[in-house]
Amino acid sequence: KDCWIGLRYRPKTWIITIICTVVGLLAGLPYCFDSGLMTLDIVDNYINNWGMILIGTLECLAVGWIYKIDEQYQKVGRLSVLVYNSGYLVSLILGAILGVALPIHPATSLGIGLALFIGGWAASTCLALFLAENKDSQPILSQLWSIMGWHGADDLRNKANNCVRDTEKDGVWTPYSWKMELQALYRHDCFCA
């Protein structure tokens, strides 16, 4: 199922090799001229500054809103979750654009953008609560957590905490390489709290 393209078209390995070689040659050709070092500096600057911000934002979006979204659907319904997520994202983008792009005093512009974001977020939250399916069986705070909570991020945090804990201290088996790598990033006591 994973390789349906390979099974359907059955490309020859020499064709794939030629395509990859030509693409690599064309991608590396600009670096071979006199201005190659400047081109490398420009590409490096944009990838490390803007590309990393975009990748970090997309990772947060994937972990927070897409991973484990089925649990949210089961608790409050698909429509409620989609209304909240889309309303939050649209109000965030519009608030940021207006906060930066309005041709007035910067503090006023940022205030308008922030007010638009908070108003859109509050409206999408209220509408999502109104559209929730299991209103009678859950209290309001449980519904809010089901709509707004990052269930995927919480689940990944619990899994990472279980991987980092020490066998002598907590009695949990630890993959040796993960333990050292994660402890290098985070202090053990802070990460497992």
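Above this text sits the structure in question.
Since this is a predicted model, take the numbers as computed values, not measurements. (Residues numbered from 1 in each chain as written. Predicted model: local features only at pLDDT ≥ 70, side-chain atom pairs only at ≥ 80, totals over all residues. Heavy atoms only, no water.)

A. Focus on helix α7 (residues 140–148). Regarding α7, the residues found buried are Gln 143, Ser 146 and Ile 147. In a view along the axis of α7, the buried residues occupy a sector of 95°, so they form one face of it. (Buried < 20%, exposed > 50% of the residue type's maximum accessible area, 1.4 Å probe, protein only. Helix = DSSP H or I, 4+ residues; strand = E, 2+ residues; numbered from the N terminus. Arc of directions from axis to C-beta.)

B. Broad picture of the side chain of Gln 72. Along the polypeptide, Gln 72 turns up in helix α4 (residues 69–76). Dropping the residues within four chain positions of it, Gln 72 is found in contact with Gly 77, Val 81, Ser 146, Ile 147, Gly 149 and His 151. (Contact = heavy atoms within 4.5 Å.)

C. Structural context of the packing of α4 against helix α5 (residues 78–101). Where α4 meets α5, the closest approach of the two axes is 7 Å, and the angle between their N-to-C directions is 120°. When the axes of α4 and α5 are compared, the pair comes out oblique. Residues Ile 69, Gln 72, Tyr 73 and Val 76 of α4 form the contact with α5, whose own contacting residues are Arg 78, Ser 80, Val 81, Leu 82 and Asn 85. Of the residues contributing to the contact of α4 with α5, the split by class is five nonpolar, three polar and one charged. (Axes fitted to C-alpha atoms, helices over the stretch in contact; angles between N-to-C directions. Parallel < 35°, antiparallel > 145°, perpendicular 65-115°, else oblique. Nonpolar A, V, L, I, M, F, W, Y, C, P; charged D, E, K, R; others polar.)

D. Just unusual backbone geometry, in detail. Here Lys 68, not a glycine, exhibits a phi torsion of approximately 65°, which is positive. Mapped onto the secondary structure, Lys 68 falls in the loop between α3 (36–66) and α4.

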